[in-house]
Amino acid sequence: MAVEIEAADVVRLIQQYLKENNLLRTLAVLQEESQVSLNTVDSLDGFMSDINNGHWDTVLQAIQPLKLPDKTLINLYEQIVLELIELRELGAARSLLRETDPMILLKQQDPERYMSLEQLLQRNYFDAREAYPDGSSKEKRRAAIAQALSGEVSVVPPSRLLSLLSQSLKWQQHQGLLPPGTSIDVFRGKAALRDQEDETYPTQLHRGIKFGSKTFVESSVFSPDGQYLVSGSTDGFAEVWNFQTGKIRKDLKYQSQENFILMESAITSLAFSRDSEMVATGSKGGKIKVWKISTGQCLRKFENAHSNAVSCVTFSRDSAQLLTGSTDELVRIHGLRSGKTLKEFRGHRSFVNSAIFSPDQHNIISGSSDGSVKVWNAKTTECLHTFKVAIAGQVGELPVLSVHVNPRNTEQIIICNRSNTVSIINQQGQVVRKFTSGKRSGGDFVACAVSPRGEWIYAVGEDFILYCFSTSTGKLERTMEVHEKLVHGLCLHPHQNLLATFAEDSQLRLWKP
């Protein structure tokens, strides 16, 4: 069940922080503008004891920031005036009676009661029976005032704001969202990056996420800030996971209430915006929706993004546009603000499996099942180059499954064909380097991913094996079986050595060194 937090309580937390740090002018302004009062004392017993013992200087200082009923304040100030008269502190009594707001209010509301105080002030003696009529007494009046004021104030532990923030961070650590030793930028709500780990290949299963027998994951992605792992399944659900525990993220209110990001048909592609605030889902039916990850709210719909399955989606650097490819053979750019298709790139003769922006955002690079990689002018939609990579021992057009900008040299493109080879080409289409599994049959690659700093290329074969290539040595450094059925893809955490694979065995598996 989600916890609702009242806005007034948040204001009071800030007010307590201001009070404890002696920022009294700021506190007064905040109380005036918000019309929310702190109304707390450090100790209720001490507060009542000060009233019962007539420590009025301390009491007046304590109530200064409090918002109290007029009647209670009138009774309090009246009692202080009476006791000052009794002590023959006539100057102080006169000032309090004639210059304070509660006593001025008393004069307006009950002139007779006010004049009795003026008369007591003018006499050269103090008569307790006249000051406290009807069997009352100073002690009884103090006790009644203490009782009334105690009902208006509360006691809270010190430093509540900092305590709650600390508890929140501990809970995030408990949930695995903040690995031990991670620092946090509290204001931005993001974990500060630790010293970068040396990139290395996975060797063991970290967590396994099991889906229903009638569904499996077709797409999955980590957020750029490393906080989220989202999966998109054949049943149309996109779910946000705690990748440390392998469980659904219940700290997201919508998921804790069993509400999930949902498409009308299978989710075939996913992408995060650069700031990790939005996630885009592309479906088998050709639709795209953009969601706010923190609330699950749908921000934008593209009902006719494509006439067939959306095979890939990616945000522009400024998150103002979406680039998509589809099995309808088209590449398109859509505007998030307008909700319309802005550009269309025609020229592929088969499914478009991958489309990305060039690092400078001026060009589009796409890969297709027609075996070609095309480079387009993003502004004019003109096709600038068409490349085809020849693979030794392979004949015919080899489908291009994915294209990636090489992180180690952004002028190079990494291409994964439906073959046993991943290639790196330059801007002229010349092959700079090749990485091959060496398997002649039954091991064609079905998916590929590149590590964040480009030190590793990971490819999964139709034999369910993960092949780990070092871009430094050019060698195949490790192989390991990752699933029991056809693998649909893999994705990498942006800061940790963590790799996710997903397959038709209804499993999403997380691997680590």
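Residues numbered from 1 in each chain as written. Predicted model: local features only at pLDDT ≥ 70, side-chain atom pairs only at ≥ 80, totals over all residues. Heavy atoms only, no water.

### Points about empty space enclosed by the protein
Rolled over the atoms, a probe with the dimensions of a water molecule shows which regions are left empty. Applicable threshold: Grid points spaced at 1 Å over the protein atoms alone were grouped into cavities, where a 1.4 Å probe fits but cannot get out, and pockets, open sets with protein on both sides within 12 Å along at least five of seven lines, with lining residues defined by an atom within 4 Å of a point. Grid points are joined across faces, edges and corners, and a volume is the space filled by probe spheres set on the points. Each residue gets one of three labels, nonpolar for Ala, Val, Leu, Ile, Met, Phe, Trp, Tyr, Cys and Pro, charged for Asp, Glu, Lys and Arg, and polar for the others, Gly among them.
The tally for this structure, following the rule as stated, stands at one cavity of 30 Å³ or more. Here the largest cavity is characterised by a volume of approximately 140 Å³. Every residue lining the largest cavity is counted, 18 residues in all, and those nearest its centre are Glu 199, Pro 452, Gln 496, Asn 497 and Leu 498. Split by residue class, the lining of the largest cavity holds nine nonpolar, six polar and three charged.

### Topic: the nonpolar core
Rule in force here: Residues belong to one nonpolar core when they are buried, are Ala, Val, Leu, Ile, Met, Phe, Trp, Tyr or Cys, and are joined through side-chain atoms within 4.5 Å. Note on classification: 1.4 Å probe, protein chains only; a residue is buried when its accessible area is under 20% of the maximum for its type, exposed when over 50%, partly exposed between these limits. Every residue pair with non-hydrogen atoms within 4.5 Å of one another is taken to be in contact.
Core analysis: the largest hydrophobic core is formed by 33 residues, its most contacted members being Phe 47, Ile 51, Ile 63, Leu 76, Val 81 and Met 103. Those residues within four positions of Leu 76 in sequence are excluded, and the remaining contacts are Trp 56, Val 59, Ile 63, Ile 145 and Leu 149.

### A look at the state of the cysteines
Rule in force here: Put simply, a disulfide is two cysteine sulfurs that come within 2.5 Å.
In this structure the tally under the stated criterion is zero disulfides. Left without a disulfide partner, Cys 416 is nearest to the cysteine sulfur of Cys 448, which lies 4.5 Å away. The thiol of Cys 468 is unpaired, and the distance to the nearest cysteine sulfur, on Cys 448, comes to 11 Å.

### Thoughts on the sheet that holds strand 9 (residues 267-272)
Short version of the rule: Only strands joined by at least two bridges in the DSSP assignment are considered to pair. Numbering of helices and strands runs from the N terminus, with a helix taken as a DSSP run of H or I at least four residues long and a strand as a DSSP run of E at least two residues long. Note on method: axes are straight lines fitted to C-alpha atoms, helices fitted across the in-contact stretch only, with angles between N-to-C directions ranging 0 to 180 degrees.
Pairing is antiparallel in the open sheet, where four strands are placed in the order 9-10-11-12. Every other strand in the sheet has two partners, leaving strand 9 and strand 12 (297-302) as the edge strands with one partner each. Taking each pair of neighbouring strands and ignoring which way they run, the sheet shows an average axis angle of 20°. As judged from the five bridges shared by strand 10 (residues 278-283) and strand 11 (residues 288-292), these two strands associate in the antiparallel manner. Bridge pairing in strand 11 links Thr 281 to Lys 289.

### Focus: unusual backbone geometry
With a phi angle near 80°, Glu 329 is a residue other than glycine that sits in the positive phi range. Within the secondary structure, Glu 329 sits in the loop between strand 14 (321-326) and strand 15 (331-335). For Glu 329, a relative accessible area of 31% puts it in the partly exposed group. Phi is positive for Thr 381, close to 70°, though the residue is something other than glycine. Secondary-structure assignment places Thr 381 in the loop between strand 19 (373-377) and strand 20 (383-387).

### Focus: the sheet that holds strand 14
Within the open sheet, the four strands sit side by side as 13-14-15-16. Their pairing is antiparallel. Unpaired on one side and paired on the other, strand 13 (310-315) and strand 16 (341-345) mark the two borders of the sheet. Direction aside, the axes of adjacent strands within the sheet are offset by 20° on average. Alignment of strand 15 against strand 16, held across four bridges, turns out to be antiparallel. Within strand 16, the residue paired with Ile 333 across the bridge is Lys 343.

### Describing the pattern of salt bridges
Spelled out, the test is: Here a salt bridge means any side-chain nitrogen of Lys or Arg lying within 4 Å of a carboxyl oxygen belonging to Asp or Glu.
A complete count under the given rule lists 21 salt bridges for this structure. Residue Glu 344 is joined to Arg 332 by a salt bridge in which the shortest nitrogen-to-oxygen separation is 2.6 Å. Highlighted residues: Glu 344 in strand 16 and Arg 332 in strand 15, separated in sequence by twelve residues. You can call Glu 344 partly exposed: its relative accessible area is 26%. When the shortest N-O distance is used, the salt bridge between Glu 455 and Arg 453 registers 3.8 Å. Among the charged side chains, a network of salt bridges with common partners joins Glu 78, Arg 113 and Arg 141.

### Topic: the packing of aromatic side chains
Heads up, the rule is: Two aromatic rings, drawn from Phe, Tyr or Trp (for Trp, its six-membered ring), form a pair once their centres lie within 6.5 Å of each other, and the interplanar angle then sorts them: stacked below 30 degrees, edge-to-face above 60, tilted otherwise.
Applying the stated rule across the entire model yields nine aromatic pairs. Where Phe 237 meets Phe 260, the ring centres are 6.2 Å apart and the plane angle is 80°; that geometry is what we call edge-to-face. Note that Phe 237 is positioned in strand 6 (residues 237-242) and Phe 260 in the loop between helix 12 (253-256) and strand 8 (261-262), a separation of 23 residues in sequence. For Phe 237, a relative accessible area of 29% translates into the label partly exposed. Its relative accessible area of 22% is what places Phe 260 among the partly exposed residues. Judged by centre distance (5.8 Å) and plane angle (55°), the rings of Phe 435 and Phe 469 are tilted. Of this pair, Phe 435 sits in strand 24 (residues 431-436) while Phe 469 sits in strand 27 (residues 465-470); the two residues are 34 residues apart in sequence, bridging distant segments of the chain. Phe 469 matches Phe 435 in its accessibility class, with the two residues each being buried.

### Describing the pairing of strand 30 (residues 499-503)
A regular strand places its side chains on the two faces of the sheet in alternate fashion. Among the five residues of strand 30, five are classified as buried, and the element is accordingly described as predominantly covered. Alternating residues of strand 30 divide into Leu 499, Thr 501 and Ala 503 and Ala 500 and Phe 502, and every residue in both groups is buried. Pairing of strand 29 (residues 487-492) with strand 30 involves five bridges; the strand directions are antiparallel. Bridge pairing links Val 487 to Ala 503 in strand 30. Hairpin connection from strand 29 to strand 30: six residues lie between these consecutive antiparallel strands. In this sheet, strand 31 (residues 507-512) lies alongside strand 30 in antiparallel orientation, the contact comprising four bridges.

Read these as layout, nothing more, since geometry by itself doesn't imply function.
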